[in-house]
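Results of the structural survey
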Amino acid sequence: MFIEVFKSKIHRVTVTASDLNYIGSITIDEDLIEAAGLVVGERVYIVNVNNGERFDTYVIKGKKKSGEICLNGPAARKVQKGDVIIIISYAQMSMEEAKTFQPKIIFPDEKTNLLT
């Protein structure tokens, strides 16, 4: 049996842009993607701290060291520039793997979205 387990989290970053006319997804600074152990195209869940919205989308790589956090397509309607969000991913694994698995959690600077 496989269960879905919390895999990684980018805790409290600020939305830098939203682009309703893009095909969809969230653009994330490449440094944050790497630090959180995310993969381009991976499904992620977004929690908007400002308005309580919760939704899922997939990761697109943004420019390294840019602090970019941009919601694209329909997801752009669920955030505003300046909103604080949490980005969460989950993974499927066996019960045995899950017992010892350690998720990656990163805490970028909330104002710049950069790792300190």
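Residues numbered from 1 in each chain as written. Predicted model: local features only at pLDDT ≥ 70, side-chain atom pairs only at ≥ 80, totals over all residues. Heavy atoms only, no water.

1. Some thoughts on the UniProt feature "active site" (unreviewed entry) in the protein
What counts, and what does not: UniProt positions are given in the numbering used here, feature names are shortened, and annotations may be inferred rather than shown by experiment. Should any heavy atoms of two residues lie within 4.5 Å, those residues are counted as being in contact. Numbering of helices and strands runs from the N terminus, with a helix taken as a DSSP run of H or I at least four residues long and a strand as a DSSP run of E at least two residues long. Classification of residues uses two cut-offs on accessible area relative to the type maximum, computed with a 1.4 Å probe and protein chains only: under 20% is buried, over 50% is exposed, and between them is partly exposed.
Residues annotated by UniProt as "active site" (unreviewed entry) correspond here to S25 and Y58. The named residues occupy 34 residues along the chain; their greatest pairwise C-alpha distance, 5.0 Å, places them in one compact cluster. Setting aside its immediate chain neighbours within four residues, S25 contacts T57, Y58, I60, C70, L71 and N72. Relative to the assigned elements, Y58 resides in strand β5 (residues 54-62). The exposure class assigned to Y58 is partly exposed, which follows from its relative accessible area of 32%. Non-local contacts of Y58, meaning those with residues more than four positions away in its chain, are made with I23, G24, S25, I26, G41, E42 and R43.

2. Considering the nonpolar core
So the rule is basically this: Throughout this description, the term nonpolar core refers to a set of buried Ala, Val, Leu, Ile, Met, Phe, Trp, Tyr and Cys residues connected via side-chain atoms within 4.5 Å.
Of all hydrophobic cores here, the largest spans 20 residues; its most connected members are I10, I26, I28, I85 and I87. For this core, the secondary-structure elements that each account for two or more residues are β1 (2-14), β3 (25-29), α1 (30-36), β4 (43-48), β5, β6 (69-72) and β7 (84-94). Tallying contributions element by element places α1 first for this core, with three residues. Ignoring anything within four residues of it in the chain, the contact list for I10 reads I28, L32, A36, L38, I85, I86, I87, I106 and P108.

3. Side note on the environment of N113
This is how it is decided: Under this definition, polar contacts are N or O atom pairs within 3.5 Å; protein pairs additionally need one hydrogen-donor-capable and one acceptor-capable atom, and for neighbouring residues in sequence, both atoms have to be side-chain atoms.
Relative to the helices and strands, N113 resides in the segment after β8 (104-106). For N113, a relative accessible area of 1% gives the class buried. In this structure the C-alpha to C-alpha distance between N113 and F6, which are 107 residues apart in sequence, comes to 22 Å. In this structure N113 touches V13, T14, T16, L32, G67, I69 and P108, once residues within four positions along its chain are discounted. Looking at N113, its side chain comes within polar contact range of the main-chain oxygen of G67, at 2.9 Å.

4. So, the pairing of β1
Put simply, the rule is: Here the rule is simple: two strands pair whenever DSSP picks up at least two bridges between them.
Relative to β7, β1 runs antiparallel, the two being bridged by ten bridges. Bridge assignment links T14 to a residue of β7, and that residue is V84. In terms of strand pairing, β1 meets β8 through three bridges, oriented parallel. Across the sheet, S8 pairs through a bridge with K104, a residue of β8.

5. Quick look at the UniProt feature "binding site: substrate" (unreviewed entry) in the protein
Annotation from UniProt places "binding site: substrate" (unreviewed entry) at T57, G73, P74 and A75. The greatest C-alpha distance among the annotated residues, which extend across 19 residues, is 9.9 Å, indicating that they converge on a single site. For T57, a relative accessible area of 12% gives the class buried. When residues no more than four places from it in sequence are discounted, the contact partners of T57 are G24, S25, I26, E42, R43, V44 and I46. A polar contact is formed between the side chain of T57 and the backbone nitrogen of S25, at a distance of 3.3 Å.

6. Some words on the pairing of β5
Pairing analysis gives four bridges linking β3 to β5, with the strands arranged parallel. If you follow T27 over to β5, its bridge partner there is I60. Pairing analysis gives five bridges linking β4 to β5, with the strands arranged antiparallel. Across the sheet, the residue bridging to R43 is Y58, located in β5. The antiparallel hairpin formed by β4 and β5 contains five residues in its connecting segment, where G52 sits at a positive phi of about 80°.

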